[in-house]
Amino acid sequence: MQELLLLLLPVAAASGWLAARRSARKENPPQGCETSPVYFRGLNHLLNEEPDKAIDAFVEMLEVDSDTVETHLALGNLFRRRGEVERAIRIHQNLIARPALTREQRAQALLELGQDYMRAGLYDRAENLFRELKETKLHVKPALNNLLVIYEKERDWKACLDVADELESITGNKMMLQKSHYFCELAIGARMQGRAADAAAYLKKALSTYRGCVRANHLQAQFAASQGDHRGAIRILRQTAEQDADYLPEILPEIVSNLRHLGDVQELRTILTEIVAKQPGTGAELAMVDLLIEQQGEAAAAEYLADQLAREPSLALLLRSIELNARMPEGQSTRFLEGLRPHIRRLLDQRPIYQCSHCGFTAKTLHWQCPSCRRWSAVKRRPGCEAEI
Ligand SMILES: [Zn+2]
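Just so it is clear, the structure is predicted and the values come from calculations on it, not from any experiment.

Quick notes on the rules
Residues numbered from 1 in each chain as written. Predicted model: local features only at pLDDT ≥ 70, side-chain atom pairs only at ≥ 80, totals over all residues. Heavy atoms only, no water. Patch = residues over 30% accessible without salt bridge, like charges linked within 9 Å, V, L, I, M, F, W, Y side chains within 5 Å. Areas by Shrake-Rupley, 256 points an atom, 1.4 Å probe, with all protein chains shown as cover. Salt bridge = Lys/Arg side-chain N within 4 Å of Asp/Glu carboxyl O. Helix = DSSP H or I, 4+ residues; strand = E, 2+ residues; numbered from the N terminus. Buried < 20%, exposed > 50% of the residue type's maximum accessible area, 1.4 Å probe, protein only. Lys, Arg positive; Asp, Glu negative; His and termini not counted. Charge placed at Lys NZ, Arg CZ, Asp CG, Glu CD. Core = buried A, V, L, I, M, F, W, Y, C linked by side-chain atoms within 4.5 Å. Contact = heavy atoms within 4.5 Å. Axes fitted to C-alpha atoms, helices over the stretch in contact; angles between N-to-C directions. Parallel < 35°, antiparallel > 145°, perpendicular 65-115°, else oblique. Donors = N, O, S within 2.8 Å, 3.2 Å for Na, K, Ca; no water. Tetrahedral: all angles 85-135°; square planar, octahedral: opposite > 155°, others 65-115°. Phe/Tyr/Trp six-rings, centres within 6.5 Å; stacked < 30°, edge-to-face > 60°. Left-handed = near helix turned anticlockwise from the far one by under 90°. Nonpolar A, V, L, I, M, F, W, Y, C, P; charged D, E, K, R; others polar. Arc of directions from axis to C-beta. Pairing = 2+ DSSP bridges.

A. Representation of a nonpolar patch on the surface within the structure. A cluster of nonpolar side chains, Leu366, Trp368 and Trp376, forms an exposed patch at the surface whose accessible area comes to about 400 Å². Relative to the helices and strands, Leu366 is located in the loop between β2 (362–363) and β3 (379–381). Its relative accessible area of 36% is what places Leu366 among the partly exposed residues.

Written out as structure tokens, the structure reads:
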């Protein structure tokens, strides 16, 4: 607040003086009234420790003319950045109401006011402004980007697609992934409303827009499975997992359920073995444990789990291990608990204990200055990582 007043005080004084001088030239008023009374009102508020009223008074006396438009824009911007959105809105609305603005100045004020409305959560008003701005052919790209945010919030996916097309034609940058997601959203909506044919058509568009879209492929596999085509579903899911291995844990449960649907236990075992070998930690180990319990009994499953834990310990494997061994005779349980110790030790040693509260950088030792963002005293112990005494 204080720095804002320091900024406003001289600007307001100069503006009031200029205004007074201009009217002096025109009307030749009596000497000695060169400073605007509003300026004194502002000063009065300031002396009475009413900074809010002082700011309003100073803003009020800041005449809008070609010289002060930039000041108004900067001031409005400043208010918005400080979270004083109502003030920002008032300043920008006041600007737009002036007929003397140039086309560029008006467009700039529209853009700023639109951003004020976004900040205030008044999306309807922001939408109207950005559409108006788009028509002016000025600041079209920020207008479209803001419209995209609004339509995504409103989940108006068709509008999102239109905006994305316009953005593509302006920037020349393809928005394949984003558009593919919009088509996925439309497909899900259509399916929920029982419009299966529309859903299928949207999915096709999603995939033709971006062949590698994991979500579209996943949806298509679900679609195939729901129509009884489990083989087709598995094929799509496996291809998808190969394209983007990061999403395998999301896809794996469906690969398993489709294979179980087909009763193809042998194929399930082959696939799970392959995944465990190539990409440990996806959940394939746990699916394998279930399968082993069914086929060879709990002892074989527990042995398999112990091997996997030694290879790549994880909390999920530990939990499953405890569940499985809780049902064993006492002597065996004690031996098992002893066996868990090195795995838990390894898990504790692996986890990053420290994290930068500013940028999220993680580390195993305390850095007083974050090596990533260079902040001091930002790296701290993560919750649940107690000191070992
Ligand atoms: Zn950092």
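The structure having been displayed, the exposition proceeds.
B. Focus on a negative patch on the surface. Together, Asp124, Glu154, Asp156 and Asp162 make up a negatively charged patch on the protein surface. Within the secondary structure, Asp156 is located in the loop between α8 (140–153) and α9 (157–171).

C. Structural view of the nonpolar core. Within the largest apolar cluster, 49 residues are counted, with the highest numbers of intra-cluster contacts made by Phe130, Leu133, Leu148, Tyr151, Val163, Tyr182 and Ala216. Setting aside residues no more than four positions away along its own chain, Leu148 makes contact with Cys160, Val163, Ala164, Leu167, Met175, Gln178 and Tyr182. Counting residues in hydrophobic clusters, the runner-up holds 37 residues, among them Leu259, Leu268, Ala284 and Leu291.

D. Structural detail: the packing of helix α18 (residues 315–325) against helix α19 (residues 330–350). Between α18 and α19, the least distance of the axes is 11 Å, while the angle of their chain directions is 175°. For the element pair α18 / α19, the angle class is roughly antiparallel. Residue-level inspection shows Leu315, Leu318, Ser321, Ile322 and Asn325 of α18 in contact with α19, the latter providing Ser333, Phe336, Leu340, His343, Ile344 and Leu347.

E. Spotlight on the coordination of the zinc ion. Note on the zinc ion: its protein donors are Cys356 (SG), Cys359 (SG), Cys370 (SG) and Cys373 (SG). The metal-donor distances range over 2.3 Å. One way to put it: the four donor atoms around the zinc ion meet at angles of 107 to 115°, and that makes the site tetrahedral. The sequence motif formed by the donor residues of the zinc ion is C-x2-C-x10-C-x2-C. Cys356 gets classed as buried once you look at its relative accessible area, which sits at 2%. The exposure class assigned to Cys359 is partly exposed, which follows from its relative accessible area of 37%.

F. Just the environment of Pro352, in detail. Residue placement: Pro352 occurs in the loop between α19 and β1 (354–356). Pro352 sits in the partly exposed class, given a relative accessible area of 24%. Each C-alpha atom, one on Pro352 and one on Ala363, is 5.1 Å from the other, the two residues being 11 residues apart in sequence. For Pro352, the residues in contact, after removing those within four places along its chain, are Thr362, Ala363, Lys364, Arg382 and Cys385.

G. Geometry of the packing of aromatic side chains. What the rule picks out here adds up to one aromatic pair. On the numbers, 5.9 Å between centres and 25° between planes, the contact of Trp157 with Tyr182 is stacked. On the criterion of sequence distance, the pair formed by Trp157 in helix α9 and Tyr182 in helix α10 (residues 176–192) is long-range, its members being 25 residues apart. Taken individually, Trp157 and Tyr182 each receive the classification buried, so the pair is uniform in this respect.

H. The packing of helix α16 (residues 284–296) against helix α17 (residues 298–311), seen in detail. Their axes nearest at 7 Å, the elements α16 and α17 cross at an angle of 155°. When the axis of α16 is compared with that of α17, the two are roughly antiparallel. Crossing handedness for the pair α16 and α17: right-handed. Two secondary-structure elements touch here, α16 through Glu285, Met288, Val289, Leu292, Ile293 and Gln296 and α17 through Glu298, Ala300, Ala301, Tyr304, Leu305 and Gln308. Here the residues of the contact of α16 with α17 are counted per class, giving eight nonpolar, two polar and two charged.

I. Structural context of α18. Listing the buried residues of α18 in full gives Leu317, Leu318, Arg320, Ser321, Leu324 and Asn325. On an axial view of α18, the arc spanned by its buried residues comes to 165°, and they lie on one face. In α18, the exposed positions angled more than 90 degrees off the buried face are occupied by Leu315 and Leu319. Against the buried residues of α18 lie α16, α17 and α19.

J. Representation of the pattern of salt bridges within the structure. This model, assessed by the stated rule, comprises 19 salt bridges. A salt bridge links Arg238 to Glu274, with the nearest nitrogen and oxygen atoms 2.8 Å apart. Separated by 36 residues along the polypeptide, Arg238 in helix α13 (residues 230–243) and Glu274 in helix α15 (residues 265–278) bring together distant segments of the chain. Owing to a relative accessible area of 36%, Glu274 belongs among the partly exposed residues under this scheme. The salt bridge involving Glu338 is made with Arg341; its shortest N-O contact spans 3.5 Å. Of this pair, Glu338 and Arg341 both sit in helix α19, separated by three residues, roughly a single helical turn. The network of salt bridges with common partners includes Arg80, Glu112 and Asp116.

K. Local environment of the sheet that holds β2. The three strands are arranged β2-β1-β3 in an open sheet whose pairing can be described as antiparallel. The sheet is open, and its two edges are formed by β2 and β3, each paired on a single side. Here β1 runs beside β3; their pairing, made up of three bridges, is antiparallel. Paired with Tyr354 across the bridge in β3 is Arg381.

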